[in-house]
Amino acid sequence: VSPSICSSKLPPLGLTTRMGVFASRGVPCGWPLSGIVFSAPAGSPANMRAEDSRCSSKRSQGNGGVSLKDDVGDHAPQASPPADELLGISSATGDGDTRPVKSSPEAAFLATSEFHAKAPLCVDAVTPDQSKPQEANLGSLCQQIRRLGKDWLGMNARSQIFGLILGVVSFLICLSVELDEGYPKANDMLAITLLVSCFWVFEVLPLPITALFPLVLMPFAEVMKSTVAATSYWGWVQMLFFGAFLVDIAVEKVDLHKRIALNVLLLVGVKRPWLVVLCFLMISYFLSMWCSNTAATVMLVPFATGLLDSAMQDAREVDAANLRGFSVAVLLAIAYGSSCGGIATLIGTPPNGVVAALPMVTGAIGSADWFQFAAPISLMAAILAFTVIYFVFVRGIQLELDSDSVKAAYTALGPFNRDELAVALIQLIQFVGFLIRTDVINNPDITSPADLQGVNDATIACGAALLLFFVPSVKRPGEPLLTWEQAQQHLPWGVLVLMGGGAAIARGFEDSQLTKYIGQKLATTVSMGRFGLTFFLVTIVCLLTEVTSNTATANIILPILASVAAETLTHPLALLLPATVACSFAFMLPAATPPNSVVFATRRLSIRDFLKAGIILNLLASVFGSVLIYLMGSAVYGVDDPFPEWACQKKACRWVSVPGSINGVQVSSQACALTGVVGVCRLVDGTLWNFTAP
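These remarks concern the structure in this document.

Bringing the overall build of the chain into the picture now. Within the chain, the regular secondary structure consists of 29 helices and nine strands. Relative to its full complement of 694 residues, the chain shows a buried share of 52%. About 30300 Å² of surface is accessible on the chain, with carbon and sulfur atoms providing 62% of the total.

Given below as structure tokens:
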């Protein structure tokens with residue numbers, strides 16, 4: 001492709017790239033797109049590659065004087081963004097996956113019916129013939145309908161078709177078989193859960209779209225009303241992530257992440273490969289504590305690959321194996337660092353938000369106490385990740401990078417400006433607010449006479465995000481630090497919908513009483529002792545999350561574990577904390593977690609590279625992680641204590657004034673799980689109790 005492509009007055013026609021399908025009306029002059037491989041849409045010659053030389057000689061020809069605004073109206077971009085912002089990260093993978101990882105609405109490519117193999121791939125050289133129709137010959141409506149089945153098969157991979165069949169069959173079987181007469185809606189909810197789970201595991205549809213199935217199906221199954229189901233999709237956890245995502249976007253817009261990364265690299269130098277790898281791991285680790293782990297990875301990967309490519313051009317006498325090994329190490333360090341850092345904070349990764357949104361634990365988990373619990377586990381995982389990467393990929397590499405490219409990149413950022421300072425302060429305000437909310441803002445001894453106990457982390461996150469729209473930008477006079485157009489363009493709405501789908505499933509488990517049915521069947525699993533149970537859950541979830549999204553895994557597993565805890569009157573966090581943390585111990589396959597997918601999409605490393613490091617890291621994280629989860633769960637959340645009153649929900653439990661000894665602790669009152677008999681509940685020791693008696 002030409003180093004810069006000028007848009008002409010061409011009709012819109014989408015062109016499929018290895019990053020996905022984009023459709024727009026033009027590309028402004030000056031956007032570098034060199035070296036991209038295009039696959040033309042149906043009806044056009046496929047796999048055409050154009051070299052820079054084919055277009056460079058034609059820049060002075062064609063419609064160079066046409067204004068983009070004439071073509072696309074007032075929404076045309078006013079500046080030429082860098083290539084990584086235009087293209088995002090190439091998502092072509094070794095197995096033929098072409099899902100886009102990151103793109104922008106400005107990403108557009110043009111084609112016409114004149115666009116054939118004889119013409120160079122240069123927009124300037126294409127002159128549309130207005131007398132000819134610009135659409136492909138689709139045939140008659142009857143022919144289009146007859147092709148529907150064939151087109152559908154061509155649209156889906158075999159694994160997706162298998163997942164669709166498995167999900168639908170499982171759904172129909174569960175609908176036709178009643179699990180228990182005492183729980184008439186449990187089989188309906190289980191059918192919906194199995195359908196959604198199969199669609200998530202095999203990615204039959206995009207994960208956020210699959211997350212809409214509970215809202216669509218539960219009202220028809222009479223599990224819950226539409227109004228109730230819809231409220232599950234937008235609660236305080238979604239608002240918490242919404243506010244955090246806005247600050248993440250601002251960090252990226254002002255290039256604060258690049259300044260942090262370049263400062264660290266300049267400080268430690270680029271002469272020692274292992275130190276460079278450690279720097280990228282710790283930078284991604286630090287950023288993913290403040291931002292989401294996906295955002296941190298997306299910020300760093302294009303910056304790191306471009307910087308390393310530039311630096312390695314001047315590397316002297318280095319063989320290709322060393323270069324590739326070093327590149328793989330850096331990318332894995334970014335992915336693993338982001339996953340490990342995301343464990344530390346409630347906003348770091350969606351599974352943390354999923355557990356906080358469960359009806360059973362709502363309000364029991366906050367950002368401050370989560371950080372106390374998860375920070376040691378997160379740091380341990382990061383140390384293990386670097387150790388494995390070093391011994392597998394870095395040890396023995398002799399490579400000396402040119403620091404001039406790092407200095408040049410830092411110089412290109414310009415001096416530290418007011419926008420960066422303002423965003424950094426807003427990010428700091430948000431993070432400090434999370435840490436002091438419980439002990440300061442919610443403390444009546446400090447805030448009296450005001451009662452601020454109703455303030456939670458969602459208020460803190462959105463309060464900080466509001467400041468972004470009040471503070472004016474020094475680089476863009478007349479605009480705030482973040483505009484709403486920028487925000488809605490980059491907000492990961494799909495993540496919020498996916499989390500909402502998990503919350504809806506958890507609510508459906510409770511309303512259909514599927515929680516009690518599953519809890520009764522799996523009650524024996526808690527008899528292995530808490531450490532054995534912790535290790536068992538971490539290992540199982542580690543394996544499960546390797547084959548599906550970690551957020552989807554959390555949405556499936558956590559409601560089931562909550563039901564087991566309610567039925568056995570086990571402290572719910574004794575089951576939920578190991579499973580939630582293990583959702584981030586996903587190091588072995590690209591599909592396991594978004595950071596893995598982002599770095600895999602660069603096509604600089606293979607699945608074999610993931611397996612070489614991931615298998616070892618998964619084993620180490622399962623063992624050492626289980627020990628720390630066991631210790632920190634007791635220290636921060638008291639998971640060895642009896643079943644807490646805040647977890648006793650009216651549909652499954654009653655809190656009764658019955659003294660006794662539970663786990664060696666004397667109590668004056670305790671939880672009592674409801675049975676199928678009206679007015680009768682069961683204590684943790686198995687004693688039946690009539691809670692309606694005076």
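Let's shift gears to the pattern of salt bridges. In total, this model carries eight salt bridges according to the counting rule given. Two residues, Glu 567 and Arg 682, come together in a salt bridge whose shortest N-O distance is 2.9 Å. Placement of the pair is Glu 567 in helix H26 (residues 550–568) and Arg 682 in strand S8 (residues 680–682), with a sequence separation of 115 residues. The exposure classification of Glu 567 matches that of Arg 682, with both residues buried.

Applying the stated criterion to the full structure yields 14 aromatic pairs. Aromatic pair Phe 242 and Trp 493: ring centres 6.0 Å apart, planes at 40°, arrangement tilted. Of this pair, Phe 242 sits in helix H11 (residues 236–253) while Trp 493 sits in helix H23 (residues 493–511), and the two are 251 residues apart along the sequence. For Trp 493, a relative accessible area of 35% corresponds to the partly exposed category. With 5.2 Å between their ring centres and 85° between their planes, Tyr 390 and Phe 391 make a pair best called edge-to-face. An aromatic cluster of three or more residues is present, and its members are Trp 234, Phe 242 and Trp 493.

Take the state of the cysteines next. Enumeration over the complete set of coordinates arrives at two disulfides. At a sulfur-sulfur separation of 1.9 Å, the disulfide partner of Cys 672 is Cys 681. Measuring handedness by torsion sign, the sulfur bridge of Cys 672 and Cys 681 sits at about 100° and is right-handed. Judged by relative accessible area, Cys 681 falls into the buried class, the value being 0%.

A few words on unusual backbone geometry. You will see that Glu 222, though not glycine, has its phi angle at about 60°, which is positive. In this fold, Glu 222 is placed in the loop between helix H9 (213–220) and helix H10 (226–231). A relative accessible area of 60% places Glu 222 in the exposed class. For Arg 603, which is not glycine, the phi dihedral falls at a positive 65°. You can see Arg 603 is positioned in the loop between helix H28 (594–600) and helix H29 (607–637).

Calculation criteria
- The residue count restarts for each chain, going from 1 along the sequence in the order it is written.
- Whole-chain, interface and lining totals are the exception, using all residues; otherwise, since this is a predicted model, local features are given only for residues with pLDDT of at least 70 and side-chain atom pairs are given and counted only at 80 or more.
- To get the side-chain values, all heavy atoms of the structure are used, and hydrogens and water are removed first.
- Labels follow the DSSP assignment, with helices taken as runs of H or I lasting at least four residues and strands as runs of E lasting at least two, numbered in each case from the N terminus.
- The rule is simple: take the accessible area with a 1.4 Å probe, protein chains only, and divide by the maximum for that residue type; under 20% is buried, over 50% is exposed, in between is partly exposed.
- Reported accessibility uses the Shrake-Rupley method at a 1.4 Å probe radius. Residues are deemed covered only where the shown protein chains occlude them.
- Note on definitions: salt bridges are taken to be side-chain nitrogens of Lys or Arg within 4 Å of carboxyl oxygens of Asp or Glu.
- Aromatic pairing here means that ring centres of Phe, Tyr or Trp (its six-membered ring) are within 6.5 Å. Orientation follows from the plane angle: under 30 degrees is stacked, over 60 is edge-to-face, and everything else is tilted.
- Whenever a pair of cysteine sulfur atoms sits within 2.5 Å, that pair is classed as a disulfide.

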